[in-house]
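Residue-level listing of the chains:
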Amino acid sequence: MDISTHQSIFRSIALRELNGFRVRKRAHMDGITSNFSEIGVMAVGHNSGNTPPLAVSFCKTAKNSHILALADEDGYVNLFNTRHKFSSSSSYQENADKAKICDWVAHHNAVFDVRWIKEDAHVLTASGDQTMKLWDVQGKKCIGVLTGHRGSVKSMCSHPTNADIIVSGSRDGSFHLWDLRCSSTPKSRRGEPSICSTAEVKGAHLSSQAKRVRRGKAASMSITSVLYLKDQVSIATAGAVDSVVKFWDTRNLKSSVTQTCPRLQTSEKERLHGISSLSQDQSGVFLSASCMDNIIYLYNVLQLEKGPVRLFSGCQIESFFVKSAISPDASHIVSGSSDGNAYVWQVNKPQGEPIILKTHDGEVTAVDWCHSEDGKLATSSDDFTVRIWDHKICLSSTKPPASIRRRIMAMPSRECRKLLMKDEEWSSKSGLDNAFHVDKPADEITEDVPITPPKMHKTDGQKNQFLSMSDLTVTSGKTLESASKSPSSVLNPPSSLKRTIRDYFLAASCKLQ
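Remember, predicted model here, so these are calculated numbers, not experimental data. (Residues numbered from 1 in each chain as written. Predicted model: local features only at pLDDT ≥ 70, side-chain atom pairs only at ≥ 80, totals over all residues. Heavy atoms only, no water.)

Colleague: Sorry if this is basic, but what is going on with the overall build of the protein here?
Modeller: Assigned secondary structure in the protein consists of 10 helices and 31 strands. For the protein, with 513 residues in total, the buried portion stands at 53%. Approximately 24800 Å² of the protein is accessible, and the part contributed by carbon and sulfur atoms is 49%. (Helix = DSSP H or I, 4+ residues; strand = E, 2+ residues; numbered from the N terminus. Buried < 20%, exposed > 50% of the residue type's maximum accessible area, 1.4 Å probe, protein only. Areas by Shrake-Rupley, 256 points an atom, 1.4 Å probe, with all protein chains shown as cover.)

Right, dumping it as structure tokens:
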């Protein structure tokens with residue numbers, strides 16, 4: 001029997017589970033452009049005129065996950081049905097007209113960010129008019145105006161479990177905390193309830209070189225992105241000043257708890273690059289930062305003192321409108337680019353060539369992943385279009401799901417055992433390692449296999465299992481010690497043990513040394 005036949009035998013054995021049943025294969029995204037297709041393109045414009053889109057956001061609930069909210073420079077919010085069967089013979093405007101659910105004027109200024117909250121019943125918009133607005137989507141009615149910023153509101157994010165709590169960042173250099181349940185001040189001229197912030201931090205990202213800025217030139221201090229982390233008490237912020245990401249405890253905002261950046265000891269002469277966007281995966285363990293040095297940095301929240309754990313390059317980030325987003329399962333990162341393309345990287349292959357999505361004709365700016373339809377994403381561009389992408393589900397026998405889940409397998413079926421015993425002599429002579437040897441290094445088993453964390457389950461026990469498997473730096477062997485290092489043990493400690501966000505990071509630092 002030749003070697004290729006034996007290799008196929010061992011491969012088929014690796015695909016078996018207890019009692020000889022074949023494991024259900026998990027779909028994965030192949031790293032080639034032909035398997036990532038554009039399923040629809042829509043024009044963005046109003047009153048026979050085109051306008052550049054600035055923000056996109058898929059609904060968060062499973063039943064509405066196909067609905068995409070798009071905000072543009074003219075102040076409109078547009079809702080599209082991305083499951084519409086787009087025709088290649090139709091124009092972009094015809095596709096937009098057929099797929100559009102509704103639109104309305106949200107602000108008389110550009111809308112820089114849009115977010116779904118409260119089971120997709122409400123939408124938040126952030127604008128250049130220095131306000132945010134809360135909208136009842138069903139009635140397209142404004143039910144609250146958030147006032148207090150003194151510059152364009154560039155970014156916002158809701159609390160992971162309480163959508164009434166919001167954080168926002170502005171060009172004025174401050175970030176604000178809001179509670180939508182607080183009593184409103186007197187209504188505005190338009191009759192819209194006005195809501196004031198509950199907390200404010202000014203000058204959160206002031207430049208260290210501000211004193212050396214030429215007279216008459218304003219020092220950069222804009223906050224470009226904010227995130228409410230999954231531990232429910234901490235906030236991450238980034239700005240146009242430099243590549244530093246700061247972390248804050250919402251219960252004590254006098255100063256940041258900790259911070260991280262690509263080079264923890266930056267020299268004075270080195271040019272500083274700002275950050276255009278931050279994003280986090282569904283578990284909150286990983287945080288990505290798009291830097292103006294054309295690199296996307298991936299951080300592990302439990303190892304901030306070590307700097308980024310992954311770097312992704314290839315795109316061109318020449319403006320703060322170019323955004324990136326990590327997929328909910330932390331398996332891929334998509335980014336816009338100033339060269340007119342969008343780029344998709346596999347997280348565990350940072351040195352690999354990215355998938356390039358080439359059909360845009362202008363700078364690709366805002367991007368977003370669909371939370372309930374794996375591999376589906378939206379990209380928007382200065383060519384006045386928004387494009388919907390999806391990947392074909394490819395099941396490859398060369399990538400066993402057992403290696404993805406790092407499962408310790410039981411003995412195979414009776415027939416396979418007989419086959420193994422029969423070929424034992426050949427296997428030892430050929431020098432092949434036993435596929436079931438528990439001491440086999442993980443990188444030999446999963447050399448070209450993306451280690452994609454499974455979907456998050458609802459129960460706490462399953463959630464902790466998911467979080468512990470999400471850490472890219474853990475080894476394949478699970479021990480009691482490694483379990484204690486899991487993100488769930490640090491980000492969600494018992495309230496009696498951890499009282500400040502500083503404790504979370506200090507505990508993580510001690511455990512991971």
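Colleague: Would you mind showing me how to read the sheet that holds strand β4 (residues 53-58) here?
Modeller: Two pairing modes exist for strands in a sheet, parallel and antiparallel, and in both the strands are linked by backbone hydrogen bonds. Read across the sheet, four strands follow the order β4-β5-β6-β7 without closing on themselves; strand pairing throughout is antiparallel. The sheet terminates laterally at β4 and β7 (100-105), the two strands that pair on one side only. For this sheet the average axis-to-axis angle between neighbouring strands, irrespective of direction, equals 15°. Those strands touched by helix α2 (residues 92-99) are β6 (76-81) and β7, and its axis lies near 90° from that of β7. (Pairing = 2+ DSSP bridges. Axes fitted to C-alpha atoms, helices over the stretch in contact; angles between N-to-C directions. Contact = heavy atoms within 4.5 Å.)

Colleague: How should unusual backbone geometry be read in this particular structure?
Modeller: Working note: non-glycine residues mostly have negative phi, and peptide bonds are mostly trans. One non-glycine residue, Ser-48, adopts positive backbone phi at about 65°. Even without a glycine there, the phi angle at Lys-118 is positive, about 55°. With respect to the secondary-structure elements, Lys-118 resides in the loop between β8 (111-117) and β9 (122-127).

Colleague: Help me out: how do you make sense of the environment of Asp-74 in this one?
Modeller: Mapped onto the fold, Asp-74 is located in the loop between β5 (67-72) and β6. Note on Asp-74: relative accessible area 38%, which makes it partly exposed. Measuring from C-alpha to C-alpha, the distance between Asp-74 and Thr-51 comes to 6.7 Å, with 23 residues separating the pair along the chain. Aside from chain neighbours lying at most four places away, what touches Asp-74 is His-46, Thr-51, His-107 and Asn-109. A polar contact of 3.5 Å, which involves the side chain of Asp-74, links it to the side chain of Thr-51. (Polar contact = N/O pair within 3.5 Å; in protein donor to acceptor, adjacent residues only side chain to side chain.)

Colleague: Teacher, can you tell me more about the nonpolar core here?
Modeller: Across soluble globular proteins, nonpolar side chains show a tendency to be buried alongside one another. Core analysis: the largest hydrophobic core is formed by 29 residues, its most contacted members being Val-167, Phe-175, Ala-236, Val-245, Phe-247, Leu-278 and Leu-287. It is strand β17 (residues 223-228) that contributes the most residues to this core, four residues altogether. Apart from the residues lying within four places of it in its own chain, the contact partners of Leu-278 are Ser-225, Leu-227, Ala-236, Thr-237, Ala-238, Val-245, Leu-287, Ser-288 and Ala-289. (Core = buried A, V, L, I, M, F, W, Y, C linked by side-chain atoms within 4.5 Å.)

Colleague: I would appreciate a short explanation of the pattern of salt bridges in the present structure.
Modeller: Once their charged atoms are close, side chains differing in charge can pair, the charge on each being opposite to the other. Counting across every chain of the model gives 11 salt bridges. Ionic pairing is found between Glu-373 and Arg-83, a salt bridge with its closest N-O pair at 3.0 Å. With Glu-373 in the loop between β29 (364-369) and β30 (377-381) and Arg-83 in the loop between β6 and α2, this pair connects stretches of sequence that are 290 residues apart. The exposure class assigned to Arg-83 is partly exposed, which follows from its relative accessible area of 47%. Taking the shortest distance from any N to any O, the salt bridge between Arg-251 and Asp-249 comes out at 3.2 Å. Judged by relative accessible area, Asp-249 falls into the buried class, the value being 4%. Among the charged side chains, a network of salt bridges with common partners joins Glu-38, Asp-383 and Arg-387. (Salt bridge = Lys/Arg side-chain N within 4 Å of Asp/Glu carboxyl O.)

Colleague: I would appreciate a short explanation of the sheet that holds strand β13 (residues 165-170) in the present structure.
Modeller: With respect to topology, four strands assemble into an open sheet ordered β12-β13-β14-β16, the strand pairing being antiparallel. Edge positions in the sheet fall to β12 (153-158) and β16 (199-201), since each has one partner strand and no second. The sheet shows a mean angle of 20° between the axes of neighbouring strands, taken without regard to direction. Bridge count for β13 against strand β14 (residues 175-179) is five bridges, and the pairing is antiparallel. Bridging from a neighbouring strand, Ile-166 pairs with Trp-178 of β14.

Colleague: Could you clarify how one ought to interpret the environment of Cys-157 in this entry?
Modeller: Relative to the helices and strands, Cys-157 is located in strand β12. A residue is classified by how much of its surface remains accessible, and Cys-157, at 10% relative accessible area, is buried. Taking the C-alpha atoms as reference points, Cys-157 and Asp-113, separated by 44 residues in sequence, lie 9.5 Å from one another. If we skip the residues at most four places from it in the chain, Cys-157 touches Ile-165, Ile-166, Val-167, Val-226, Leu-227 and Tyr-228.

Colleague: What exactly am I supposed to notice about the pairing of strand β23 (residues 295-300) here?
Modeller: It is a general feature of regular strands that their side chains alternate between the two faces of the sheet. For β23, the tally of buried residues reaches six of six residues, placing the bulk of the element in the interior. Neither face of β23 is open: one carries Ile-295, Tyr-297 and Tyr-299, the other Ile-296, Leu-298 and Asn-300, and all of them are buried. Summarising the sheet, strand β22 (residues 286-291) and β23 pair through six bridges and their orientation is antiparallel. In the strand pairing of β23, Phe-286 is matched with Asn-300. Connecting β22 to the antiparallel partner β23 that follows it, the hairpin turn spans three residues, and Asn-294 within it adopts a positive phi of roughly 70°.

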